[in-house]
Amino acid sequence: MYNNNRRIVLDILWIILGLILIGLSIAEVLDSSLYSGMGGALTAVGAVNLARAMRYKKDAGYRERIDTEAGDERNQYIRMKSWAFAGYMAVLLEAAGSVAAAAMGKTQIQLTLYFCLCLLLVLYWASCMIFSRKY
């Protein structure tokens, strides 16, 4: 876990932001219950990450295990392959979903899926151009 102090500050920021959202929802400044749920989620994520960062700072065995997992080439390869597979599946599912939405006459869903598909393909093309120059 790099920049441990920055991570701790960011985790505390998430907790504060989450509590502010919850407070504003309880005070009915924000109308939707979406904000209280988002505040609860931010508070929970901040608290869990803060606990992990504190354990990383204090427990040498845990720190060594986390650093080994983060730097292990096998884990990096598995993560890279997983992202590649997730990208392929996202493209295929969006294409199939847009065809199905067109067949059902759901134009708004069809266009949204087509735009997402187009965005993914543009990002893929741009990353190919960048990586082909780099490697």
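Preceding this paragraph is the structure being described.
Residues numbered from 1 in each chain as written. Predicted model: local features only at pLDDT ≥ 70, side-chain atom pairs only at ≥ 80, totals over all residues. Heavy atoms only, no water.

Tell me about the layout of surface pockets, residues and numbers included.
Roughly 530 Å³ of internal volume is contained in the largest pocket. The wall of the largest pocket is formed by 15 residues, among which Trp83, Ala84, Gly87, Tyr124 and Ser127 lie closest to the centre. At the level of secondary structure, the elements contributing two or more residues to the lining of the largest pocket comprise helix 4 (73–104) and helix 5 (107–134). A per-class count over the lining of the largest pocket returns 13 nonpolar, two polar and no charged. (1 Å grid on protein atoms, 1.4 Å probe; cavity = no way out; pocket = protein on both sides within 12 Å on 5 of 7 lines; lining within 4 Å. Points joined across faces, edges and corners; volume = space filled by probe spheres on them. Helix = DSSP H or I, 4+ residues; strand = E, 2+ residues; numbered from the N terminus. Nonpolar A, V, L, I, M, F, W, Y, C, P; charged D, E, K, R; others polar.)

Account for a nonpolar patch on the surface, naming residues and giving values.
Among the surface-exposed residues, Ile12, Ile16, Ile20, Leu24 and Val29 lie close enough to one another that they form a single nonpolar patch of about 410 Å² accessible area. With respect to the secondary-structure elements, Val29 resides in the loop between helix 1 (4–26) and helix 2 (33–58). Assessed through its relative accessible area of 55%, Val29 is described here as exposed. (Patch = residues over 30% accessible without salt bridge, like charges linked within 9 Å, V, L, I, M, F, W, Y side chains within 5 Å. Areas by Shrake-Rupley, 256 points an atom, 1.4 Å probe, with all protein chains shown as cover. Salt bridge = Lys/Arg side-chain N within 4 Å of Asp/Glu carboxyl O. Buried < 20%, exposed > 50% of the residue type's maximum accessible area, 1.4 Å probe, protein only.)

Could you give an account of unusual backbone geometry, with specific residues and numbers?
Glycine aside, the phi torsion of most residues is negative, and most peptide linkages are trans. One non-glycine residue, Glu28, lies in positive phi territory at about 60°. Tracing the backbone through its elements, the reader meets Glu28 in the loop between helix 1 and helix 2.

Please provide a residue-by-residue account of the state of the cysteines, values included.
Counted according to the given criterion, the structure contains zero disulfides. Looking at the unpaired Cys116, the closest cysteine sulfur is the one in Cys118, lying at 10.0 Å. With relative accessibility at 35%, the residue Cys116 sits in the partly exposed group. (Disulfide = S-S within 2.5 Å.)

How would you sum up the packing of helix 1 against helix 2? Please name residues and give values.
In the contact formed by helix 1 and helix 2, the axes pass within 7 Å of each other and the chain directions differ by 155°. Between helix 1 and helix 2, the angle is such that the two are roughly antiparallel. Crossing of helix 1 over helix 2 shows left-handed handedness. Partitioned by chemical class, the residues of the contact of helix 1 with helix 2 number 16 nonpolar, 10 polar and two charged. (Axes fitted to C-alpha atoms, helices over the stretch in contact; angles between N-to-C directions. Parallel < 35°, antiparallel > 145°, perpendicular 65-115°, else oblique. Left-handed = near helix turned anticlockwise from the far one by under 90°.)

By themselves these figures say nothing about function.
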